[in-house]
Amino acid sequence: MIPAAFEYYRPASMEGVIALLEEHGDEARVIAGGHSLIPMMKLRMAEVAHLIDLQDIASLSGITIDSDGIRLGAMTTQHDIIGSAALTAAAPIIKEAALQIADPQVRYMGTVGGNVANGDPGNDMPGLMQCLDAQFHLLGPDGERVVAARDFYEAAYMTDREDEEVLVEITFAAPTGGYAYEKQKRKIGDYATAAAAVQMSKVDGKVATASIAMTNLSDTPIWSEETAEALIGTTCDDAAIKSAIAAMLGDIDPTEDNRGPIAFKCHAAGIVLGRAIKRAWSRA
Amino acid sequence: MKDEITREDRVANLKGMGCSRKRVEDARFTQGQGNYVDDVKLPGMLHADFVRSPYAHARIKSINIDAAMALPGVKAVLTAQDLEPLGLHWMPTLAGDKQMVLADGKVLFQGQEVAFVVAADRYIAADAVELVEVEYEELEVVVDPFKALESDVVLREDLDLSVPGAHGPRKHANHIFTWEMGDQEATEQVLDSAEVVATEEMYYHRTHPCPLETCGSVASMDKVNGKLTLWGTFQAPHVVRTVASLLSGIEEHNIRVIAPDIGGGFGNKVGVYPGYICSIVASIVTGAPVKWIEDRMENLMSTAFARDYWMKGKISATKEGKITGLHCHVTADHGAFDACADPSKFPAGFMNICTGSYDIPVAYLGVDGVYTNKAPGGVSYRCSFRVTEAVYFIERMIEVLAIELDMDPAELRSINFIKKEQFPYQAPLGWEYDSGDYQPAWDKALKAVDYKGLRAEQAERVEAFKRGETRKIMGIGLSFFTEIVGAGPVKNCDILGMGMFDSCEIRIHPTGSAVARLGTISQGQGHATTFAQILATEIGLSADSITIEEGDTDTAPYGLGTYGSRSTPVAGAATAMAGRKIRAKAQMIAAYLLEVHDDDVEFDVDRFVVKGAPERFKTMKDIAYAAYNQAIPGLEPGLEAVSYYDPPNMTYPFGAYVCVMDIDVDTGVPEIRRFYALDDCGTRINPMVIEGQVHGGLTEALAVALGQEIAYDDLGNVKTGTLMDFFLPTAWEVPNYETDYTVTPSPHHPIGAKGVGESPHVGGVPCFSNAVQDAFRPFGNRHTNMPHDHWRIWQTANDLGLHD
């Protein structure tokens, strides 16, 4: 658990960060809270010759809520998110999810940007951001480009981000209706056995809109349009929920690990999703 | 001096036995001022790291250290070839086997030590590990002990099958020993003709003690003076000194072993590990102090595991539920080397306590030890030697028998308890239980939880579940356990030939304070607190005026260390006995000072008083001063004593536990609603420390029962090598425990105390497990194996058709 040698940089501006990334290419990584990257380095599963710390770049932190929507700076910590009354009022699902990530000590350091950019299928925020239809803002040598969270993930630890790019902020419209983030895990600090993010709205007693994403049940988060469609237009009765679960099971592709065999994970995913839908609907 | 305080005040000021004195150790531990092995920093100290095998079974074709040696800062790379001329490439194990210190021609488990790299700092050492080139030829891996006994794959090519092992003849190249206790023929006769017989097979999975502090050592060879100093994570520092002397040829007086603060042991730090030996050799080779500290993954993968017992049981009874016989066979997976930490004559520890708390007329136990391609070990993880396995076995067999008899398991236990008047009780597998009073403890426990009410609620819940009104079922876990702790006696128990006595040496200072040194070593048990309390009561000086020291073999008397809840039963007894020697001399001094005959004074709390004249007294402080400043005819100056205590028997603490659990059959998530633990550890020295011990032991029981395991795949890869997958519960997962007690003093222990640190683990594991299994009993469950993690609980529900 001793990392290989690395050079450590702590630039004061994004220009400095981008310059270092351009210089060192795939031998460089940026580090935010470090709660994914540092363990990987200590296990020597990630060899990072040049480590670029983003802590000194103040512009990367902060939560903004205005008529344009919600903006989360990439360096905003889970602790900041949980403590923001304004964010909780605008998008309560984020606090509900953040409280189920790791433990308070990790949440003091762990950032939303790191959580979504790392591409770890176990992380909770990627699925959540897909549920919210968030946009990821990537800054690189040629300026900024925007990628939808729903298009960002390619495989485990593989994303649309280029080596010289940094994920600097996340934006999304304030969600409406009911919400729920439901997660089954083995213990505090664990990744999900199965987790579901659900946002849905109600018009005339029927489901008007729905957005559903599942976590740690494939090598990427799974935003399932079919699952949402199974609910839209229904009264969210047991039959509709059953259809939604069936649709979701068609989209996930879990693997067996210490959390259990595939049959169990599929069953748990269905239970977790069913509970999330019911809770979200009760709040819609 | 006018005595204005009351006798009650004097007793309170003493902070002696029975007082919930705050732990004196905690001031430094809670302020980051502990001094652990990794805190030892010596001038010029070098740092070491191991090259470990990625394979579970492979031949080593070659090892090339050139690139590693070329790295600046690397001082040495040791391989078996370097250790061989010293005869240190193998070492003896506590179980009478031998173990490779560094891989000698082949590797036998994943994570096995192959080469030892020594460098100027820890980072260079880790970098150099990657530069050591080892060429392996993979061999067929055997991880299943049953297959091992049929396989042509020979794991231990160094052993000759025609030569008996340490515990008798071996039946197969991968067989280690057969150990039998009891009367097989008589037991089989009873079973064959019994009215009711229940049989069950159960696997007590492999797990790991996982102390917060991993293992490590710092060796410093002073070549000028010929002295070796070895700091390390040792639960038995004196034994380590003796072993180090025998292996290295350095005379024992030239070796100083220091076990400083230890961050938990739980059995993991009883054995001798290759890292200790290699750090010593490396210090001799380099002439500099060498530190080796393992990381968490190394600790989980390579240092001693616990359990891994495949148990087959048969229990017979009359139709009314009176047990008539018990048969147990164990296939014990010991991994690549037999490095179990048991007393020499007990290759399966005290597994022969598996008749439990019940009066079973006839029983038989057979244990077969087997080599597999897994890490060696087999330590007593928070229990006396293999007692957790034994108690789990009998407490599961009782539940299975209750199913067979269609009887309430609480009632079945009551019918079969050893009765108070039967003590001392001669058990059929060889032990003499010193004392017990089981039925009142059981009744108290059942009453405390309203057992009948719980059963009624459970029955209602089953009906509600069947009607589709709930998806949660309810389990009531019961366990009644008897521990066997406090090894000695010397006539039965030894470690590498050292009798399992223990010791205490006391020096009273002139101003009436004292230092006492013991042969044990606290790893968090609070010895500095509780042993001072024993002494305070025995010698009449306040516990706050008594320093307890352990762990430095240059100052502490020889002892066998701390594990198997032996410290209070053995060293605690030595402490009381040494205290009584002090008191005996103090009586003579007091009599001289008071100008009366020795027999005319009597001890009273903190003083000797002239009989019938309580105003005439000398306090122990007065007496201590007199011992040093006056010439007393017929007495040597000073006030010191030493006691080496060989216990006449073990002590047999017991307890009654109840767990109430709700289980979500759809997710497999268990919720512990209530956990009640009644412990009887005899005389209670410090109730607060006991409660802390019970909380800790129960939490480790919860861990083992509900998810903690060392799992391997078919290739012998460890699947649970980090704390992400190895379950270490936090405050979040742990329920609010309710503790209770009865007091049945040990008749042979000087203060009537028994051990308690491990009881809650021993009793807790079957209690948690029984709660899970009891929840499914109404749906047809008989037995499922631990660990009861979410998916396995879900699987049980699934197999019983509860998801249909």
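Just so it is clear, the model here is predicted, and its values are computed rather than measured. (Residues numbered from 1 in each chain as written. Chains lettered and ligands numbered in written order. Predicted model: local features only at pLDDT ≥ 70, side-chain atom pairs only at ≥ 80, totals over all residues. Heavy atoms only, no water.)

A short note on the overall build of chain A
This is how it is decided: The helix count covers DSSP runs of H or I at least four residues long, the strand count covers runs of E at least two residues long, and both are numbered beginning at the N terminus. It is over C-alpha atoms that the radius of gyration is taken, and the globule rule equals 2.2 Å times the number of residues to the power 0.38. The classification of residues rests on relative accessible area computed with a 1.4 Å probe and restricted to protein chains. Under 20% of the type maximum is buried, over 50% is exposed, and intermediate values are partly exposed. Residue-level accessible areas treat just the shown protein chains as cover; the underlying method is Shrake-Rupley with a 1.4 Å probe.
Broken down by element type, chain A carries 12 helices and 14 strands. Scaling as 2.2 N^0.38, a compact globule of 284 residues should have a C-alpha radius of gyration of about 19 Å, and chain A matches this with 19 Å. Residues classed as buried in chain A amount to 56% of the 284 residues present. Accessible surface for chain A amounts to roughly 11,500 Å². Of this, 51% is attributable to carbon and sulfur atoms.

Quick word on the overall build of chain B
Along its length, chain B carries 20 helices and 33 strands. The globule rule puts the C-alpha radius of gyration for 804 residues at 28 Å, and the 28 Å found for chain B is close to it. By its C-alpha atoms, chain B is 85 × 75 × 50 Å across when sized along the principal axes. Across the 804 residues in chain B, those meeting the buried criterion constitute 64%.

A short note on the packing of aromatic side chains
Residue and element names in this part refer to chain B. For the record, the criterion: The criterion for an aromatic pair is that two Phe, Tyr or Trp rings (for Trp, the six-membered ring) have centres within 6.5 Å, with stacked assigned to planes under 30 degrees apart, edge-to-face to planes over 60 apart and tilted to the rest.
Enumeration over the complete set of coordinates arrives at 40 aromatic pairs over all chains. When the ring of phenylalanine 350 is compared with that of phenylalanine 385, the centres are 5.1 Å apart and the planes differ by 75°; the resulting orientation is edge-to-face. Of this pair, phenylalanine 350 sits in the loop between strand S16 (323-335) and strand S17 (362-371) while phenylalanine 385 is found in the loop between strand S18 (377-379) and helix H11 (387-405), placing the two residues 35 residues apart along the sequence. You can call phenylalanine 350 buried: its relative accessible area is 0%.

Concerning the packing of helix H12 (residues 409-416) of chain B against helix H13 (residues 438-448) of chain B
Residue and element names in this part refer to chain B. Quick reminder of the rule: Interaxial angle, 0 to 180 degrees, is taken between N-to-C directions of lines fitted to C-alpha atoms, where a helix line uses only the stretch in contact. Our angle categories are set so that under 35 degrees counts as roughly parallel, over 145 as roughly antiparallel, 65 to 115 as roughly perpendicular, and the remainder as oblique. Definitions for this section: a left-handed crossing has its near helix turned counterclockwise from the far helix by less than a right angle. A right-handed crossing has that turn clockwise. Only heavy atoms enter the contact rule, under which two residues are in contact if any of them lie within 4.5 Å.
At their nearest, the axes of H12 and H13 sit 10 Å apart, and the two run at 165° to each other. Our classification of the angle between H12 and H13 gives roughly antiparallel. Of the two elements, H12 crosses H13, and the hand of that crossing is left-handed. Taken together, the residues of H13 that come into contact with H12 (itself represented by Ala410, Arg413 and Ser414) are Gln439, Trp442 and Leu446.

Section: the sheet that holds strand S11 (residues 216-222) of chain B
Residue and element names in this part refer to chain B. For the record, the criterion: Note on pairing: two strands pair once DSSP finds at least 2 bridges between them.
With mixed pairing, 7 strands are arranged side by side in an open sheet as S3-S7-S1-S14-S11-S12-S13. The outermost strands of the open sheet, each flanked by one partner alone, are strand S3 (74-78) and strand S13 (255-258). For this sheet, the mean angle separating the axes of adjacent strands, direction not counted, is 20°. Sheet topology places S3 next to strand S7 (residues 113-119); 4 bridges connect them, and they run antiparallel. Residue pairing across strands places valine 77 opposite valine 117, the latter belonging to S7. The sheet contacts of helix H8 (residues 237-248) involve strand S12 (227-232) and S13, and relative to S13 the element is tilted by about 145°.

Description of the interface of chain B and chain A
Convention followed: We define buried area as the total accessible area lost by two parts upon association, computed with a 1.4 Å probe and summed across both. Any Lys or Arg side-chain nitrogen found within 4 Å of a carboxyl oxygen on Asp or Glu counts as a salt bridge. Any pair of N or O atoms that falls within 3.5 Å is considered a polar contact. Within protein, one atom must be able to donate a hydrogen and the other to accept it, and sequence-neighbouring residues count only if both atoms are side-chain atoms. Side-chain classes follow a simple rule in which Ala, Val, Leu, Ile, Met, Phe, Trp, Tyr, Cys and Pro form the nonpolar group, Asp, Glu, Lys and Arg form the charged group, and the remainder, Gly included, forms the polar group.
Counting residues at the interface gives 28 residues for chain B, matched by 24 residues for chain A. Surface buried jointly by chain B and chain A totals about 2,200 Å² across both partners, of which 58% is contributed by carbon and sulfur atoms. When the buried surface of chain B facing chain A is broken down by residue, Met724, Trp791 and Trp794 of chain B rank first, second and third, together holding 25% of it. Inspection of the chain B/chain A interface yields 4 salt bridges. With a shortest N-O distance of 3.0 Å, arginine 186 of chain A and aspartate 725 of chain B are connected by a salt bridge. For the pair chain B and chain A, the interface holds 14 residue pairs in polar contact (both at pLDDT 80 or more). Of all the secondary structure elements, the ones that give two or more residues to the side of chain B that touches chain A are helix H5 (122-131) and helix H20 (790-799) of chain B. The residue inventory of the side of chain B that touches chain A, partitioned by class, reads 12 nonpolar, 6 polar and 10 charged.

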